[in-house]
Amino acid sequence: MSQPMSLSGQGSALTVDYVQAGTPDALLTSDTLAVFGFGTDAPHCDDPRYLRIPLQPYGTAPFERWRCAAPVEFGRNGDPIDGQIRWSTDGQLTFGVIEIDEPPGDHPDHSDISEAAERAYSQLVDFVSGSRTPHLLRVWNYLDAITQGDGDTERYRQFCVGRARGLGRFDTVELPAATAIGRCDGQRTLQVYWLSANQRGTPVENPRQVSAYRYPRQYGPQSPSFARAMLPPPGSTMPLLLSGTASVVGHASQHIGELLGQIGETFANFDALLAEARRHQPSLPAGFGSGTRLKVYVRDADDLPLVAKALDERFGASVPRVLLHAAICRRELAVEVDGVHA
């Protein structure tokens, strides 16, 4: 087990850790908000707090565990056919997940990711807005064949359209941090999970990048709806929530065809993002270390050992991380990274 972050104190609290275990059962204690297993070998468990992530890990993957400050309640809302929400909460933070099968559609692959995204986000918004924790902090989105299709028919662009419709009218200063990544298992099921709170967080943008919600029209009819990072609510003891970050400067992809160049640019982006976050919260460490947890998404399976080696050289054992085989939302990008930092 990697060393857990010490995040106790008044207000909402969240501890994120990577834990080696045979099954998730022993991890699902009364103060556990969520547990995640990765890949096809991840065990099954009926507890609503447990989620199998459809991304194959490199090597033996740990479980990801979220713990909070108080005993949690958990349950299920809705019909599994129409999109059941599984949830858990301690009254200050809520974990939720919804999985929507893509209906038949006019897309060249005969499925409709836009409709699935609209349904998922519409139900997410209704659930969160009616709860004790109505403020979205962080969302993860996993969808199959994310870059399939050309121009505005590309599935990621269609996902962005559906997500925006499902969110309804929104103010960009209230957008959560987020990741949208392609699963590689051929299953046309959109998986969306989130963290919400009883107080607002503070979104953080990266001075090296155009805000995603201000991307020009060349990236699709609807700009992506997320913030680059999210600082936790005032008075809470939680990590900075880092959105999916890649080798993009301004709004343009950099180092196309250069794996190591993309890795370097990605972490240059994180350096700038952390510096911006520290303007609001100076106590944050200036660089990644033992209080950081990273998920590293790698497009090509053959690149996984190369990325692992590059990260070993950069961080050694100081930064706990999980490497996952996954498609990135731009075809030319080979790596994306998200995580938490405290």
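Residues numbered from 1 in each chain as written. Predicted model: local features only at pLDDT ≥ 70, side-chain atom pairs only at ≥ 80, totals over all residues. Heavy atoms only, no water.

### Things to note about the pairing of strand β7 (residues 85–89)
Summarising burial for β7: five of the five residues are buried, a large majority. Every second residue of β7 is oriented toward a common face, with Ile85, Trp87 and Thr89 on one face and Arg86 and Ser88 on the other, all of them buried. Where strand β6 (residues 73–77) meets β7, five bridges bridge the pair, whose relative direction is antiparallel. From the neighbouring strand, Arg76 faces β7, where its bridge partner is Arg86. Note that β7 and strand β8 (residues 93–101) share five bridges and pair antiparallel. When the bridges of β8 are listed, Trp87 appears paired with Gly96. (Buried < 20%, exposed > 50% of the residue type's maximum accessible area, 1.4 Å probe, protein only. Helix = DSSP H or I, 4+ residues; strand = E, 2+ residues; numbered from the N terminus. Pairing = 2+ DSSP bridges.)

### Some words on unusual backbone geometry
Positive phi, close to 50°, is recorded for Ala145, a residue that is not glycine. Mapped onto the secondary structure, Ala145 falls in the loop between β9 (135–144) and α2 (155–167). Non-glycine residue His255 carries a positive phi angle of around 60°. By the element assignment, His255 lies in the loop between β16 (252–253) and α3 (259–280).

### Section: the nonpolar core
Ranked by size, the top nonpolar core spans 68 residues in total, and within it Trp66, Phe159, Tyr193 and Trp194 carry the most contacts. Residue contributions to this core peak at eight residues, all from helix α1 (residues 113–129). Counting residues in hydrophobic clusters, the runner-up holds 28 residues, among them Leu273, Leu311, Leu323 and Val335. (Core = buried A, V, L, I, M, F, W, Y, C linked by side-chain atoms within 4.5 Å.)

### A word on α1
For α1, built from 17 residues, the straight-helix expectation of 24 Å at 1.5 Å per residue is met to within 8% by its first-to-last C-alpha distance of 24 Å. Within the sequence span of α1, burial applies to Ile113, Ser114, Ala116, Ala117, Ala120, Tyr121, Leu124, Phe127 and Val128. For α1, the angular spread of the buried residues around the axis is 165°, confining them to a single face. Buried residues along α1 sit in contact with β6, β7, β8, β9, α2 and β11 (189–197). The opening residue of α1, the one whose side-chain oxygen lies 3.2 Å from the backbone nitrogen of Ser114, is Asp112. (Expected span 1.5 Å × (residues − 1). Arc of directions from axis to C-beta. Contact = heavy atoms within 4.5 Å. Polar contact = N/O pair within 3.5 Å; in protein donor to acceptor, adjacent residues only side chain to side chain.)

### Focus: the environment of Gly105
Note on placement: Gly105 falls in the loop between β8 and α1. Taking the C-alpha atoms as reference, Gly105 lies 32 Å from Val296; in sequence the two are 191 residues apart.

### Looking at the confidence of the model for the protein chain
Taken over all residues, the pLDDT of the protein chain has a mean of 94, while the share at 70 or more is 96%. Confidence drops under a pLDDT of 50 for residues 1–9, and excluding neighbours within four residues, the segment shows 29 contacts in the predicted structure. (pLDDT = per-residue confidence, 0-100.)

### Points about the sheet that holds strand β1 (residues 14–19)
If you walk across this open sheet you meet the four strands as β1-β5-β2-β3, and the pairing is mixed. On the outer flanks of this sheet lie β1 and β3 (50–53), each paired with one strand and no other. Within the sheet, the average angular offset between the axes of one strand and its neighbour, ignoring direction, is 20°. (Axes fitted to C-alpha atoms, helices over the stretch in contact; angles between N-to-C directions.)

### Here we look at the environment of Ser211
With respect to the secondary-structure elements, Ser211 resides in the loop between β12 (202–204) and β13 (229–231). Given the relative accessible area of 9%, Ser211 is considered buried. Contacts of Ser211, omitting those with residues within four sequence positions, involve Glu205 and Arg228.

### Re the sheet that holds strand β14 (residues 240–245)
Read from one edge to the other, the open sheet built from seven strands follows the order β4-β18-β17-β19-β14-β13-β12, with strand pairing classed as mixed. Of all strands in the sheet, those with a lone pairing partner are β4 (56–57) and β12, marking the two edges. Note: strand β17 (residues 292–298) against strand β19 (residues 335–341), seven bridges, orientation antiparallel. By the bridge assignment for β19, Val296 is matched with Val337. Against the sheet, helix α4 (residues 304–315) contacts β17, β18 (321–325) and β19, and its axis sits at roughly 160° relative to β18.

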